[in-house]
Amino acid sequence: MKASAGLDLFKTPLVLKIAGFTLITLTFFYLGKHWSSNGDQQVLFFSSSPGTSVGVSPNYGKSFNVTALIAQNQTDTVSEPEPTQVPVPPASTSPASDSAAVEQPPPPPAKELDRTFGIIDGDGKMSDDFEVGEVDPEVVENWGNETEIDSGAGEGSRAKVKRFELCPESMREYIPCLDNVEAIKKLKSTEKGERFERHCPEKEKELNCLVPPPKGYRQPLPWPRSRDEVWFSNVPHTRLVDDKGGQNWITKAKDKFRFPGGGTQFIHGADQYLDQISKMVPDIAFGNYTRVVLDVGCGVASFGAYLLSRDVVPLSIAPKDVHENQIQFALERGVPAMVAAFATHRLLYPSQAFEIIHCSRCRINWTRDDGILLLEVNRMMRAGGYFAWAAQPVYKHEQALEEQWEEMLNLTTRLCWELVKKEGYIAIWQKPKNNNCYLSRDEGVSPPLCDQDDDPDKVWYADLKPCITRIPENGYGANVTAWPARLHTPPDRLQSIQMDAYISRKELFKAESKYWSEIISGYVRAWHWKQLKLRNVLDMKAGFGGFAAALIDHGFNSWVMNVVPVSGPNTLPVIYDRGLLGVMHDWCEPFDTYPRTYDLLHASGLFSVERKSVRCNMSTIMLEMDRILRPGGRAYIRDTLDVMEELQEIANAMGWHSALHDTSEGPHASYRILVCDKRLLRS
């Protein structure tokens, strides 16, 4: 009877439910234990917003030491924890970027714009506090005679790539388009400075090796210390010390060069000289009206170096002449500079770019050929801007010099420039703000006004023109906002850019600024950009200059050279109206700067455009990037997925340490980021 009752108890619904639940629990426990012990580790990525999904790393199914991977920045799967893109991407400024943008998923709703991304820490919590590949610039890497490297291992690895060799030591300061001896020897004439202009090597003679640093090369001193001293071993040349030491330009002290801050016309220091200019013409207002200045024949760039402390961004230019290392010294000091010459072609800067153009003993005959070189100054100078000339004809009373002064006065009068002040060594003229003076000149006065259809912003291999560039009747270029408001004020000349725009250009301008501000925020958080010693920066495809503006907004103590490729719309006028620097360039040709110029190279959407143009291969551009990037510097390449494999192979063949990363859109987006570190190579 009792036994029968016990059997009935086990048939009751409650007992059956308990037994079933126990069986299910044991089953899941067994399966979970089996799956967790099969050796396949995963990295999971979460969104902090409620209701968002969990994504599995594309490396699921592979065995990794996750801690080591994160520390060494060798994984391809760390999602970039940057903010989501704004609804209107800046890629609209370039035709190729438009096509890439179509492949991307639609933008998220507005409520998701503030979400953040990270990785799961040891406690199962989301964290964005992790380091990605901190560079040790002191790391020296042997670069022997091997001819091939293996870009990968195992199934799915990439093919072997031929390793680029180191160039001879004699090429350590090689600038391809300015050091083409064969082409220079073939010039019919050099009397107008033709030998200082661009003469690029033919395709079969292009750079195909890695330009080595000088022996003893060291990591450049950080700004602002670099303003006053640099390592001798990085620019091992003493000619300027011998020639200009008595003029307070430069001295050598043990293992460093020191810069007292003087110049030929301001031996008592650039600061005192700038104070004098400010007192002569108070309307110059450094850091307010005057933001962008061109210093012609700059020496070691002390004039520009001291302008930086007045919230002015200078561009120092000089040819690679008998004082061939002056631009190299400027760049080593951390002062914006380029190799350029007034000769027979327009300089690669737009019309109305500079509020002041300065020449202190720059050794240029401004009155030759009826003033054609001063006409080029006039083209680049903003309407209402100033030309400051410090030279012997201004203050000396020798007959020959007095004749030169009279010639200069005659020419500037015909250009409708007003001599606003002459004091001591300096004379300052002001350009008119409109065309009224030009139109009221007597008939037949030279130089004439340029034709109405002349494009003053067409500068790539454009000949100098013996005419006065017209000032736009609508006032475009003259009516810029004072600094710093002009950085984010859409300028009038935005409307004159030749580009396809389906929405307001002002909205495109603002969208680009917002886009790059959020991207830089992600870089600061994920890759600790604030800890990097970024001073000299190059944006290889600058658009409206949003990347450079974002660096300023985030407080980086750096300057950016914004390159506008010839393959896209000419946005240089907008860049200068914002108070930034820029230059026109074709990346199928070498850049006019010394090796080891930049700490950071940034290229967004560049390679996909150049690949479609089929004008040059990607290794040509990458080798040029290696030439101008400093050892210990970084390159960030943001582009479509279809170019990344080839770029990474080339980077590895150049000895760069590279890692491919997803953007915030995840592993299925059409864009990736290739982060490269350049190491100091030795044979």
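Residues numbered from 1 in each chain as written. Predicted model: local features only at pLDDT ≥ 70, side-chain atom pairs only at ≥ 80, totals over all residues. Heavy atoms only, no water.

- Going by an unreviewed UniProt entry, the protein chain carries the name Methyltransferase and comes from Linum tenue.
- Turning to the protein chain, the UniProt record has this under Sequence similarities (unreviewed entry): "Belongs to the methyltransferase superfamily." (UniProt positions renumbered as here; feature names shortened; annotations may be inferred.)

### With respect to the overall build of the protein chain
1) Next: Of regular secondary structure, the protein chain possesses 20 helices and 25 strands.
2) Next: For the protein chain, buried positions account for 55% of its 683 residues.
3) Next: Considering only intrachain contacts with a sequence separation of at least 6, the fraction spanning at least 24 residues in the protein chain is 69%. (Helix = DSSP H or I, 4+ residues; strand = E, 2+ residues; numbered from the N terminus. Buried < 20%, exposed > 50% of the residue type's maximum accessible area, 1.4 Å probe, protein only. Contact = heavy atoms within 4.5 Å.)

### Side note on the pairing of strand β22 (residues 629-640)
1) Next: When you tally the buried positions in β22, you get 11 out of 12 residues, the bulk of the element.
2) Next: In the sheet, strand β21 (residues 598-604) pairs with β22 via six bridges, with the strands oriented parallel. Its bridge partner lying in β22, L601 is registered against A635.
3) Next: Sheet topology places β22 next to strand β24 (residues 671-677); seven bridges connect them, and they run antiparallel. (Pairing = 2+ DSSP bridges.)

### Considering unusual backbone geometry
1) Next: Between W223 and P224 the backbone carries a cis peptide bond, its omega angle lying at 10 degrees.
2) Next: Inspection of the secondary structure assignment puts P224 in the loop between α5 (181-185) and α6 (225-228).
3) Next: Positive phi values are uncommon outside glycine, yet A285 reaches one of about 45 degrees.
4) Next: Looking at the element boundaries, A285 is found in the loop between α8 (270-280) and β11 (292-296).
5) Next: Of note, Y461 is a non-glycine position whose phi angle comes to about 50 degrees, a positive value.

### Remarks on α8
1) Next: Those residues of α8 that sit buried are A270, Y273, L274, I277 and M280. End-on, the buried residues of α8 take up no more than an arc of 120 degrees, which puts them together on one face. α8 presents Q272 and K279 as exposed residues on the side facing more than 90 degrees away from its buried surface.
2) Next: Tucked into the core, α8 has its buried residues touching α9 (302-307), β14 (354-360), β15 (381-390), β16 (418-423) and β17 (426-430). (Arc of directions from axis to C-beta.)

### What about the packing of aromatic side chains?
1) Next: Tallied over the full model, the rule gives 28 aromatic pairs.
2) Next: Between W389 and W405, the ring centres sit 6.4 Å apart and the planes meet at 10 degrees, which makes this aromatic pair stacked. Of this pair, W389 sits in strand β15 while W405 sits in helix α13 (residues 399-414), placing them 16 residues apart in sequence. With respect to class, W389 is no different from W405; both count as buried.
3) Next: Measuring from centroid to centroid gives 6.3 Å for W529 and F556, while their planes differ by 85 degrees, and the two rings are edge-to-face. Of this pair, W529 sits in the loop between α15 (505-527) and β18 (536-539) while F556 sits in the loop between α16 (546-553) and β19 (559-565), placing them 27 residues apart in sequence. There is no split in this pair, since W529 and F556 are both buried.
4) Next: Three or more aromatic residues link up through ring pairs in this structure, and these residues are Y515, W516, Y523, W527, W529, F547, F556 and Y636.
5) Next: A cation sits over an aromatic face here: R291 above W483, 3.6 Å from the ring centre.
6) Next: Sitting over the face of the ring of W223, R535 holds its NZ or CZ atom 3.8 Å from the ring centroid. (Phe/Tyr/Trp six-rings, centres within 6.5 Å; stacked < 30°, edge-to-face > 60°. Lys NZ or Arg CZ within 6 Å of the ring centre and 35° of its normal.)

### A closer look at the packing of helix α11 (residues 368-380) against α13
1) Next: One can describe the packing of α11 onto α13 by two numbers: an axis separation of 11 Å at closest approach and a directional angle of 60 degrees. Taken together, the axes of α11 and α13 are oblique relative to one another. Of the two elements, α11 crosses α13, and the hand of that crossing is right-handed. Residues D370, G371 and L374 of α11 form the contact with α13, whose own contacting residues are M408, L411, T412 and R414. (Axes fitted to C-alpha atoms, helices over the stretch in contact; angles between N-to-C directions. Parallel < 35°, antiparallel > 145°, perpendicular 65-115°, else oblique. Left-handed = near helix turned anticlockwise from the far one by under 90°.)

### A short note on the sheet that holds strand β13 (residues 337-339)
1) Next: With mixed pairing, seven strands are arranged side by side in an open sheet as β13-β12-β11-β14-β15-β17-β16. Looking at the sheet topology across the chains shown, the edges are occupied by β13 and β16. Between one strand axis and the next, the sheet turns by 20 degrees as a mean value, whatever way the strands run.
2) Next: Judged from the five bridges that link them, β15 and β17 form a sheet pairing that is antiparallel. Bridge pairing in β17 places F387 opposite W429.
3) Next: Strands β14, β15, β16 and β17 of the sheet are contacted by α8, whose axis makes an angle of about 45 degrees with β17.
4) Next: Contacts from α11 reach β11, β14 and β15 within the one sheet, and its direction differs from that of β15 by about 135 degrees.

### Quick word on the packing of α15 against α16
1) Next: Two elements in contact, α15 and α16, have axes whose closest approach is 8 Å; the angle formed by their N-to-C orientations is 55 degrees. When the axis of α15 is compared with that of α16, the two are oblique. The two elements α15 and α16 cross, and the hand of that crossing is right-handed. Taken together, the residues of α16 that come into contact with α15 (itself represented by E512, W516, S517 and I520) are G546, F547, A550 and L551.
2) Next: Residue composition of the contact of α15 with α16, by class: five nonpolar, two polar and one charged. (Nonpolar A, V, L, I, M, F, W, Y, C, P; charged D, E, K, R; others polar.)

### Points about the state of the cysteines
1) Next: In this structure the tally under the stated criterion is six disulfides.
2) Next: Covalently, C177 is tied to C200 through a disulfide, its sulfur atoms 2.0 Å apart. On the sign convention where negative means left-handed, the S-S torsion of about 105 degrees between C177 and C200 marks this disulfide as right-handed. With a gap of 23 residues between them, C177 in the loop between β7 (161-162) and α5 and C200 in the loop between α5 and α6 connect regions that are remote in the sequence. (Disulfide = S-S within 2.5 Å.)

### Here we look at the pairing of β14
1) Next: Of all the seven residues making up β14, seven are buried; the element is thus mostly covered by neighbouring parts of the structure.
2) Next: Pairing between β11 and β14: four bridges, direction parallel. Looking across to β14, one finds that V293 is bridged to I356.
3) Next: The pairing of β14 with β15 spans six bridges and is parallel. Its bridge partner being in β15, C359 is matched across the sheet by W389.

### What to know about the nonpolar core
1) Next: Y349, W366, F387, W529 and F607 are the most contacted members of the largest nonpolar core, which has 151 residues in total.
2) Next: In terms of nonpolar packing, the next biggest core, distinct from the first, is built from 10 residues, L240, V241, W249 and F259 among them. (Core = buried A, V, L, I, M, F, W, Y, C linked by side-chain atoms within 4.5 Å.)

### Considerations on the pattern of salt bridges
Think of it this way: side chains of opposite charge can pair up when their charged atoms draw near.
1) Next: Overall, the coordinates contain 30 salt bridges when judged by the stated rule.
2) Next: In this structure, E182 engages K205 in a salt bridge whose closest nitrogen and oxygen atoms are separated by 2.7 Å. Here E182, found in helix α5, pairs with K205, found in the loop between α5 and α6; they are 23 residues apart in sequence, far enough to count as distant.
3) Next: The partner of R615 in a salt bridge is E610, and the shortest N-O contact between them spans 3.0 Å.
4) Next: The class for R615 is partly exposed, based on a relative accessible area of 37%.
5) Next: Salt bridges sharing partners connect three or more residues here, namely E355, R382, R486, R493 and D577. (Salt bridge = Lys/Arg side-chain N within 4 Å of Asp/Glu carboxyl O.)

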